[in-house]
Amino acid sequence: MKNQDALARVKTFVLDMDGTIYLGGRLFSWTRPFLERVRATGRDFCFFTNNSSQNREAYLEKLARMGIEVCPEKMLISNGVILEWLRERHPGESAYVVGTPALEEDFRQAGIRLDREAPGYVVLGFDTSLTYEKLRLACHFIRNGAPVYGVNPDWNCPVEGGFIPDCGSIAALVKASTGVQCEFFGKPSRHTLNYLLARTGRAPEELAVVGDRLYTDIALAEGTAVTSILVMSGETTPAMLAESPVKPDLVFQDLGDLAEAL
Ligand SMILES: [Mg+2]
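In this text, all values refer to a predicted model and were calculated from it rather than measured experimentally. (Residues numbered from 1 in each chain as written. Predicted model: local features only at pLDDT ≥ 70, side-chain atom pairs only at ≥ 80, totals over all residues. Heavy atoms only, no water.)

Visitor: Any chance you could break down the pattern of salt bridges for me, citing the residues and the numbers?
Guide: Evaluated as defined, the whole model comprises 12 salt bridges. Across the salt bridge formed by Lys187 and Asp16, the nearest N and O atoms sit 3.2 Å from each other. Here Lys187, found in the loop between β11 (183–184) and α8 (190–200), pairs with Asp16, found in the loop between β1 (12–15) and β2 (22–23); they are 171 residues apart in sequence, far enough to count as distant. Residue Lys187 is classed as buried on the basis of its relative accessible area of 2%. Residue classification places Asp16 among the buried residues on the basis of a relative accessible area of 8%. A single salt-bridge network, built from bridges that share partners, covers Asp16, Lys187 and Asp217. (Salt bridge = Lys/Arg side-chain N within 4 Å of Asp/Glu carboxyl O. Helix = DSSP H or I, 4+ residues; strand = E, 2+ residues; numbered from the N terminus. Buried < 20%, exposed > 50% of the residue type's maximum accessible area, 1.4 Å probe, protein only.)

Right under this line is the structure:
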């Protein structure tokens, strides 16, 4: 647990998106003033989302529609974390990807061949275009020994009117069938922490991760010198915070309140 002084050391805020800077398609009124405050205090920010149903281009467009123009380097996504790791660990191998066309496109752009015959490994994403045939093939390859990786561990994704099953739930189905638990990327994996440190060029104590979800955003900083900041503008209720084994270093109602503390 770090105190408010930790904020003074922070040079880059890693901002979650849904529930943190907007809710669904609606930008919070305090988000742009917060970003201006971050810049005015000589600090920096980037966005990081676990949502592997979209890619960087889609998020840059969404931000632009909301009046937030950022360079592509500031828009980070779980897809980038796993792709960087796969290039090192499975160079030249093909992939069977259970994912949306946007995730498949990210693999193609990274030079990884998509393979429905004999892939080197299987990747599970937040596939809103999931079919039974995709599940059947993924489980078949895994049973035959292909390693399996999950882009992000989230159980559900918040949408207007509730939640929809996310990558973690798809991975749970695959585990039930094959007995194999995939290795996850995205938040809160160490892969993502290392990726963020490399991308920002900051030391851990100079980073703060800001988000509305305890088991991804806040858990990313657990056991590290990174400062974790929970905002109550998304999915976490006071009761969930009280019961959670994962505790944030700092809690603010929203980014507007955080801006006042800078
Ligand atoms: Mg969120």
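Picking up after the structure, the text goes on.
Visitor: Give a detailed account of the coordination of the magnesium ion, specifying residues and quantitative values.
Guide: Of the protein atoms, only Asp16 (OD), Asp18 (O) and Asp212 (OD) coordinate the magnesium ion, at distances of 2.1 to 2.2 Å. Each donor residue of the magnesium ion belongs to the same chain, and together they define the spacing D-x1-D-x193-D. (Donors = N, O, S within 2.8 Å, 3.2 Å for Na, K, Ca; no water.)

Visitor: Got a sec to walk through the packing of helix α6 (residues 132–143) against helix α7 (residues 167–178)? Specific residues and values, please.
Guide: Their axes nearest at 10 Å, the elements α6 and α7 cross at an angle of 50°. Between α6 and α7, the angle falls in the class oblique. Crossing handedness for the pair α6 and α7: right-handed. Contacts between α6 and α7 involve Leu135, Cys139, Ile142 and Arg143 from the former and Ile170, Leu173, Val174, Ser177 and Thr178 from the latter. (Axes fitted to C-alpha atoms, helices over the stretch in contact; angles between N-to-C directions. Parallel < 35°, antiparallel > 145°, perpendicular 65-115°, else oblique. Left-handed = near helix turned anticlockwise from the far one by under 90°. Contact = heavy atoms within 4.5 Å.)

Visitor: Could you give me a rundown of the packing of aromatic side chains, with the residues and numbers involved?
Guide: All chains considered together, the criterion is met by eight aromatic pairs. Seen from their ring centres, Tyr96 and Phe141 are 5.4 Å apart, and the 65° between their planes marks the pair as edge-to-face. Of this pair, Tyr96 sits in strand β6 (residues 95–98) while Phe141 sits in helix α6, and the two are 45 residues apart along the sequence. Aromatic rings pair up to connect Trp85, Tyr121, Tyr149 and Phe185 into one cluster. The ring of Phe45 has Lys74 lying over it, and the distance from NZ or CZ to the ring centre is 5.7 Å. (Phe/Tyr/Trp six-rings, centres within 6.5 Å; stacked < 30°, edge-to-face > 60°. Lys NZ or Arg CZ within 6 Å of the ring centre and 35° of its normal.)

Visitor: A description of the packing of helix α4 (residues 78–89) against α8 should follow, citing residues and the corresponding values.
Guide: For the pair α4 and α8, the least separation of the axes is 10 Å and the interaxial angle reads 95°. What the angle tells us is that α4 and α8 run roughly perpendicular. Where α4 abuts α8, its residues Gly80, Val81, Glu84 and Trp85 lie against His191, Thr192, Tyr195 and Arg199. Across the contact of α4 with α8, the residue classes tally to three nonpolar, three polar and two charged. (Nonpolar A, V, L, I, M, F, W, Y, C, P; charged D, E, K, R; others polar.)

Visitor: Hey, could you go over the environment of Ala8 for me, with residue numbers and the actual values?
Guide: Following the sequence through the fold, Ala8 ends up in helix α1 (residues 5–9). We classify Ala8 as exposed; its relative accessible area is 64%. Once the C-alpha coordinates of Ala8 and Glu206 are considered, the two residues, 198 residues apart in sequence, prove to be 9.0 Å apart.

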